[in-house]
Amino acid sequence: MSAWVGPSLALRIAAPPLCLLLSLLPASASDDKIDRATLKGVTTVCTVIEVSDQAKSAINKDNLQAAIEGRLHRAGILVDKNATTCLYLSVRALQAIGKPVIGKKEKAIPLYALDVRLEFLQTVTLSRDPATKTYAPTWSSANMATVPAADLDSAAADMAGGLLQLFANAYKSVNPN
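Keep in mind it's a predicted model, so treat the numbers as computed, not measured.

Thresholds, definitions, all that
- Residues numbered from 1 in each chain as written.
- Predicted model: local features only at pLDDT ≥ 70, side-chain atom pairs only at ≥ 80, totals over all residues.
- Heavy atoms only, no water.
- Phe/Tyr/Trp six-rings, centres within 6.5 Å; stacked < 30°, edge-to-face > 60°.
- Helix = DSSP H or I, 4+ residues; strand = E, 2+ residues; numbered from the N terminus.
- Buried < 20%, exposed > 50% of the residue type's maximum accessible area, 1.4 Å probe, protein only.
- Salt bridge = Lys/Arg side-chain N within 4 Å of Asp/Glu carboxyl O.
- pLDDT = per-residue confidence, 0-100.
- Contact = heavy atoms within 4.5 Å.
- Pairing = 2+ DSSP bridges.
- Lys, Arg positive; Asp, Glu negative; His and termini not counted.
- Polar contact = N/O pair within 3.5 Å; in protein donor to acceptor, adjacent residues only side chain to side chain.
- Axes fitted to C-alpha atoms, helices over the stretch in contact; angles between N-to-C directions.
- Parallel < 35°, antiparallel > 145°, perpendicular 65-115°, else oblique.
- Left-handed = near helix turned anticlockwise from the far one by under 90°.

Asker: Can you help me understand the packing of aromatic side chains in this one?
Answerer: Centre distance and the angle of the planes are the two values used to describe a pair of aromatic rings. Taken as a whole and judged by the stated rule, the model has 3 aromatic pairs. Their ring planes at 25 degrees and their centres at 5.7 Å tell us that Phe120 and Phe167 sit as a pair that is stacked. Of this pair, Phe120 sits in strand E4 (residues 107-126) while Phe167 sits in helix H4 (residues 152-174), and the two are 47 residues apart along the sequence. Here the two residues Phe120 and Phe167 agree in accessibility, since each one is buried. Both rings, one in Phe167 and one in Tyr171, keep their centres 6.1 Å apart while their planes meet at 35 degrees; by these two values the pair is tilted. Residue Phe167 and its partner Tyr171 are both found in helix H4; the two are separated by 4 residues, about one turn of the helix. Side by side, Phe167 and Tyr171 carry an identical accessibility label, which is buried.

In structure tokens, the structure reads:
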């Protein structure tokens with residue numbers, strides 16, 4: 001009769017691949033007190049908008065850029081294309097595919113998963129090596145929705161607007177003037 005090995009063997013087998021997968025996840029920020037503190041003293045921001053290939057024909061990047069810069073201006077946040085602190089808006093859309101009928105190919109349906117993410121990026125320094133600097137997100141928020149193809153542009157604008165409002169609130173909470 002063999003001895004039961006228990007969870008320790010299972011953990012030893014599963015842990016290395018799990019650690020590898022977790023190490024592939026990108027660094028991430030959020031909208032908590034510590035992340036908001038990283039916005040203190042910021043005087044200007046640049047804006048960078050990225051729309052995924054699948055959504056480019058349905059989402060107007062120039063309209064998003066103008067709307068974001070307008071919202072920042074109304075919130076009293078100065079926009080400067082040469083600033084070293086930037087707001088990065090990522091809009092990704094993935095079209096749904098219908099279940100194939102036997103003997104037929106998968107069929108795209110007019111429905112999308114829309115992922116909109118807003119990140120505040122700035123230069124950060126490693127505490128263990130102050131000479132090492134990198135550009136990283138220090139504040140972020142995201143939203144995801146299922147959207148009909150005909151509504152992609154307006155949904156992306158609405159979602160981006162909501163995220164911008166969160167950023168403006170976070171910014172003003174540490175920069176009251």
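From this point, the narrative continues.
Asker: Please explain the pattern of salt bridges as it appears in this structure.
Answerer: Close approach of charged atoms lets side chains of opposite charge pair. This structure, assessed with the given rule, holds 3 salt bridges. The shortest N-O distance in the salt bridge between Glu119 and Arg117 comes to 2.9 Å. Accessibility expressed as a relative area gives 12% for Glu119, which makes it buried. The class for Arg117 is partly exposed, based on a relative accessible area of 26%.

Asker: Honestly, the environment of Ala150 in this entry has me stumped. Any pointers?
Answerer: Examined against the element boundaries, Ala150 turns out to sit in the loop between strand E5 (129-148) and H4. Taking the relative accessible area as the measure of exposure, Ala150 reaches 76% and is therefore exposed. Taking C-alpha positions, Ala150 is 8.7 Å from Leu111, a pair spaced 39 residues apart along the chain.

Asker: I'm lost on the confidence of the model for the chain in this one. Help?
Answerer: Low pLDDT means the predicted coordinates in that region are not meant to be read closely. Residues of the chain with pLDDT of at least 70 account for 82%, and the chain-wide mean is 84. Summarising per-element confidence for the chain, the mean pLDDT is lowest in helix H1 (residues 6-23) (37) and highest in strand E2 (residues 78-79) (97). Taken as a whole, residues 1-27 scores under 50 in pLDDT and shows 2 contacts with residues more than four places along the chain or in a different chain.

Asker: Would you take a moment to explain the pairing of strand E3 (residues 86-98) for this structure?
Answerer: For a regular strand, side-chain orientation follows a simple rule: the groups alternate between the two sheet faces. Note: strand E1 (residues 44-51) against E3, 6 bridges, orientation parallel. Counted as the bridge partner of Thr47 is Leu87 from E3. In this structure, E3 lies alongside E4, joined through 12 bridges in antiparallel fashion. Note that in E4 the partner of Ser90 across the bridge is Arg117.

Asker: Looking at this structure, I do not really get the side chain of Asp35. What am I missing?
Answerer: Secondary-structure assignment places Asp35 in helix H2 (residues 33-37). Here Asp35 is buried and forms no salt bridge, its nearest opposite-charge partner Arg36 lying at an N-O distance of 8.5 Å. Engagement of the side chain of Asp35 in a polar contact is seen with the side chain of Ser30, the distance being 2.7 Å.

Asker: What is the right way to read the packing of helix H3 (residues 61-74) against H4 from this model?
Answerer: Two elements in contact, H3 and H4, have axes whose closest approach is 10 Å; the angle formed by their N-to-C orientations is 25 degrees. It follows from the interaxial angle that H3 and H4 lie roughly parallel. In the packing of H3 onto H4, the handedness of the crossing is right-handed. For the pair formed by H3 and H4, the contact residues are Leu64, Ile68, Arg71 and Leu72 on the first element and Ala156, Ala157, Ala160, Gly161, Leu164, Gln165 and Phe167 on the second.

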